[in-house]
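# Descriptive structure summary
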Amino acid sequence: MIHVGDNTWNLKVFITDLQVTKTLRVRGDLHIGGVMLRLVDPENPKDWSDHALWWPVRNQWLTRTKSTLDQVGLHADALLHFTPMHKTLRVQMPDLRYLDCRVDFSIKTFGAVVALCKDLGIRHPEELSLCKPLEPMHLKKNYADLAKKKIPIEHNGSGRDYIQPAVDTNTFIPVTAHNLNGSNGSLDGPMNHGPFSCAPVPHSNSFSTPKQGLQSTPISSPTGVSGGSRSTIWISYVEHLINGQQMYGLLFQTLRHGHASSGFSESSSSIGDPADNLAYSPCAPSPEARSRLVKPKTLIERARMNIGWLDSSLSIMEQGIREFETLCLRFKYYTFFDLNPKYDQVRINQLYEQAKWQLLNEEIDCTEEEMLMFGALQLQVNLQNEIPQPDSGIDTSSLDNAADDDVDAALRELQITLEGPSNGVNAGDITHIPELTDYLRFLKPKKFTLKGYKRYWFTYKDLHLHLYKSREDARANNAPQVTINLRGCEVTPEVNLSQKKFNIKLEVPLEQSINSEMWIRCDNEEQYAKWMAACRLASKGRSLADSSYDSEVASIRSFLSMQKPAQAPAININPSAMDPNEYLAPRYSKKLKSKGIMRMLEAHANVKDLPLIEAKLSYIRAWQSLPEFGVTLFVIKFDGHKKEELLGVASNRIMKMDITTGDHLKTWRYNTMKAWNVNWEIRCMMVQFQGESVVFSCLSADCKVIHEFIGGYIFMSMRSKETNQTLNEELYHKLTGGWN
């Protein structure tokens with residue numbers, strides 16, 4: 001039958017569940033919900049509520065059901081798939097186990113991770129994300145030099161095969177994007193047109209609380225499809241889309257009621273009750289899982305390991321992942337909020353497992369004594385796993401008293417803040433500024449000199465370190481020989497217990513963010529613990545009056561005590577029956593050989609009394625104490641420079657680092673940052689600081705990954721017990737999502 005002049009055309013839709021293709025006669029003004037309604041057979045009892053339309057060629061979900069076919073750009077040559085939004089995904093957990101989970105492939109990856117973590121019993125899902133499994137080839141070449149992996153051909157049921165365009169790992173611009181330009185902006189004034197897309201920083205020096213007033217610019221064409229002006233699109237586009245997004249019609253609400261109802265499982269796993277299983281892990285993973293681990297040998301290879309992170313602003317399906325494929329669930333942001341043994345047994349166990357495999361895989365460096373300590377803690381965890389543990393699950397009474405516990409904790413913190421810490425004289429006097437003094441040794445390395453450490457009288461007060469020739473000079477109020485402002489400095493420990501070496505390396509920011517290297521040598525453990533704690537707090541802008549000083553000192557003491565070898569092992573185990581590769585990183589298992597297990601058993605005597613959860617927490621705290629902890633590496637190239645550089649992104653700063661040694665060359669802190677901007681067309685980033693702008697391109701991953709790390713860490717820093725802990729997904733996407 002021929003249709004003339006009625007503006008209708010044939011639309012082919014492949015129904016994946018039935019493996020059949022339907023041809024619908026449609027008009028351009030028909031909305032997406034109407035297409036879906038015509039696909040559903042009223043006499044078929046099948047529940048279609050979890051289905052949506054997927055456009056393979058455009059790599060796009062058509063979830064705005066009130067949009068018409070003309071508005072989304074559908075024409076007669078298009079083929080759509082009517083397919084479930086929830087699909088089975090093989091997820092590798094941090095402990096290297098694989099789970100088959102039902103995950104929503106149609107929503108943004110961030111939302112899918114939130115739903116998945118809820119099902120798995122993991123609190124604070126914003127700290128985790130999904131990444132693609134790495135292969136050895138990923139460590140050999142930079143991101144731009146890797147061959148793009150094609151997506152398998154999708155059969156459409158019509159006798160033809162459509163090859164979907166390959167989606168690059170971490171590609172941020174979707175195929176449907178009509179505007180590749182960006183914009184430039186700052187916090188100090190209105191945004192000006194330019195080549196960058198700006199993510200402004202909330203007005204906060206400490207990034208402790210969320211602030212209002214993110215930049216917002218009206219957008220005339222919210223869909224980005226009509227118009228054709230290709231004007232710049234701002235970061236506030238996210239806000240505009242959220243506020244202006246069309247609501248589902250009554251028709252489609254009825255059609256997909258199961259997806260919207262609270263009774264539908266957003267994700268489900270194949271292991272029964274995940275909370276009971278994921279809180280405990282086998283001592284050794286499957287040989288297959290371990291064989292698939294890639295082992296970086298250089299800092300560049302460590303940086304290339306960050307190529308696999310999915311884009312949190314796109315759906316899983318849009319990033320080339322299909323049903324039954326494998327993704328890895330990992331802790332992405334190394335700032336762990338409110339880690340509570342009462343509620344976080346699964347989270348603590350998976351965090352312990354991720355830390356363990358980072359160390360065993362040599363993704364993070366540690367000293368020989370530290371490696372033996374980590375092996376001893378791992379052994380204690382394995383032993384405690386075989387012993388029934390006291391019930392530490394959540395019961396009704398503990399849930400009822402959770403709010404009271406939070407109130408009591410807040411009152412205690414307030415009391416400490418008002419009365420001051422109990423770590424010195426006049427601790428109860430809030431007008432007194434605490435002070436730390438002692439004789440220490442100091443060295444400022446210079447070229448072409450053999451001068452060693454020199455003894456000074458050190459005085460630390462109000463974030464400043466003053467060095468005098470003697471105690472008498474300090475008492476006489478003479479001018480100090482050296483004065484160092486510790487705010488914003490990098491603090492690195494260098495400890496060797498067997499050699500009684502207790503050094504503190506300071507990299508102090510000077511003009512132009514250039515770090516000046518200085519060394520402090522302590523005489524003993526007690527001295528080291530006090531001064532190391534003071535330097536760490538000072539680097540974050542916190543003085544000795546801070547309530548966390550005592551706990552920081554205690555943590556350092558505990559960390560050192562666990563590294564001391566005992567006279568003899570506390571347990572009767574045959575060392576020859578243990579595989580050192582299960583407990584020690586390869587370079588130490590090769591170096592120590594048969595002595596490694598024996599020394600580890602001696603170190604185990606220090607932790608033999610720890611219960612299971614405390615052993616895991618001790619492992620995590622020791623991991624957090626390592627100098628390289630929490631620094632995510634990227635290979636970059638600064639604007640105007642030809643050589644490759646190393647960039648480290650941490651929870652409170654970004655750093656230019658030596659690509660060979662990892663030494664910190666420059667440091668820029670987030671509390672001096674005004675905005676971070678991206679030119680999506682040339683994949684270049686510009687981070688604006690007070691008085692300086694840093695422009696670079698990322699070579700080891702898509703620039704969206706760095707953009708998301710910076711925005712994500714700022715989002716994490718806004719969490720506090722004083723603010724509402726409801727997860728603000730809109731704010732997360734404003735800070736991490738770029739312009740979409």
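Just so you know, these numbers come straight off a predicted model, no measurement behind them.

Rules and cut-offs
Residues numbered from 1 in each chain as written. Predicted model: local features only at pLDDT ≥ 70, side-chain atom pairs only at ≥ 80, totals over all residues. Heavy atoms only, no water. Helix = DSSP H or I, 4+ residues; strand = E, 2+ residues; numbered from the N terminus. Buried < 20%, exposed > 50% of the residue type's maximum accessible area, 1.4 Å probe, protein only. Contact = heavy atoms within 4.5 Å. Areas by Shrake-Rupley, 256 points an atom, 1.4 Å probe, with all protein chains shown as cover. Expected span 1.5 Å × (residues − 1). Pairing = 2+ DSSP bridges. Axes fitted to C-alpha atoms, helices over the stretch in contact; angles between N-to-C directions. Lys, Arg positive; Asp, Glu negative; His and termini not counted. Salt bridge = Lys/Arg side-chain N within 4 Å of Asp/Glu carboxyl O. Polar contact = N/O pair within 3.5 Å; in protein donor to acceptor, adjacent residues only side chain to side chain. Parallel < 35°, antiparallel > 145°, perpendicular 65-115°, else oblique. Left-handed = near helix turned anticlockwise from the far one by under 90°. Nonpolar A, V, L, I, M, F, W, Y, C, P; charged D, E, K, R; others polar. Phe/Tyr/Trp six-rings, centres within 6.5 Å; stacked < 30°, edge-to-face > 60°. Core = buried A, V, L, I, M, F, W, Y, C linked by side-chain atoms within 4.5 Å.

## What about the overall build of the protein chain?
Scanning the protein chain for helices and strands turns up 22 helices and 26 strands. For the protein chain, buried positions account for 52% of its 740 residues. Within the protein chain, counting contacts between residues at least 6 apart in sequence, those at least 24 apart form 67% of the total. Total accessible area on the protein chain stands at roughly 34500 Å², and carbon and sulfur atoms take up 51% of it.

## Here's the deal with helix H3 (residues 109–120)
The end-to-end C-alpha distance of H3 is 16 Å, a good match for the 16 Å that twelve residues give at a rise of 1.5 Å each. By the criterion of burial, H3 is predominantly enclosed, with ten of the twelve residues buried. Among all positions in H3, only Thr109, Phe110, Gly111, Ala112, Val113, Val114, Ala115, Leu116, Cys117 and Leu120 are buried. Directly beyond the C-terminal end of H3, a positive phi value near 80° is found at Gly121.

## Points about the sheet that holds strand S7 (residues 98–104)
The strand order across the open sheet built from four strands is S7-S6-S12-S8, with neighbouring strands paired in mixed fashion. The two strands at the open ends of the sheet, each matched to only one other strand, are S7 and strand S8 (128–131). Direction aside, neighbouring strands of the sheet carry axes that sit 40° apart on average. Note that S8 and strand S12 (residues 326–331) share four bridges and pair antiparallel.

## Quick word on unusual backbone geometry
Residues other than glycine seldom take positive phi values, yet Leu96 does so here, at roughly 75°. Within the element layout of this structure, Leu96 appears in the loop between strand S6 (86–92) and S7. The exposure class of Leu96 is buried, given its relative accessible area of 4%. The phi dihedral of Asp462 is positive, around 55°, even though this residue is not glycine. Its place among the elements puts Asp462 in the loop between strand S14 (454–461) and strand S15 (464–468). Taking relative accessible area as the criterion, Asp462 reaches 46% and is therefore assigned partly exposed.

## Quick look at the side chain of Glu318
Structurally, Glu318 can be placed in the loop between helix H10 (299–304) and S12. The charged side chain of Glu318 is buried without a salt bridge, its nearest counter-charge being Lys108 at 8.8 Å. In this structure the side chain of Glu318 is engaged in a polar contact, spanning 2.9 Å, whose partner is the backbone nitrogen of Ser315.

## Here we look at the packing of helix H16 (residues 525–539) against helix H17 (residues 549–561)
Where H16 contacts H17, the two axes come as close as 9 Å, and the packing angle between them is 130°. Classified by the angle their axes make, H16 and H17 are oblique. When you trace H16 past H17, the crossing you get is right-handed. Residues Glu525, Glu526, Tyr528, Ala529, Lys530, Met532, Ala533, Ala534, Arg536 and Leu537 of H16 lie in contact with H17, whose contacting residues are Tyr549, Glu552, Val553, Ile556, Arg557 and Leu560. Classifying every residue of the contact of H16 with H17 by side-chain character gives ten nonpolar, no polar and six charged.

## Some remarks on the packing of aromatic side chains
Under the definition given, this model contains 25 aromatic pairs. A centroid spacing of 4.8 Å and a plane angle of 70° characterise the contact between Tyr439 and Trp457, whose relative ring orientation is edge-to-face. Note that Tyr439 is positioned in strand S13 (residues 435–443) and Trp457 in strand S14, a separation of 18 residues in sequence. The exposure class assigned to Trp457 is buried, which follows from its relative accessible area of 8%. The structure contains a cluster of three or more aromatic residues connected by ring pairs, namely Trp309, Tyr333, Phe634, Phe709 and Tyr713.

## Here we look at the nonpolar core
Among the nonpolar cores identified, the biggest contains 111 residues, and Leu329, Phe374, Trp623, Val649, Ile706 and Ile710 are the most heavily contacted of them. For this core, the leading source of residues is helix H21 (residues 703–717), giving nine residues. Residues in contact with Phe374, not counting those within four places in the same chain, are Leu359, Cys366, Tyr619, Ala622, Trp623 and Leu626. One finds Leu440, Phe458, Leu465 and Leu537 within the second-largest nonpolar core, a separate group that totals 36 residues.

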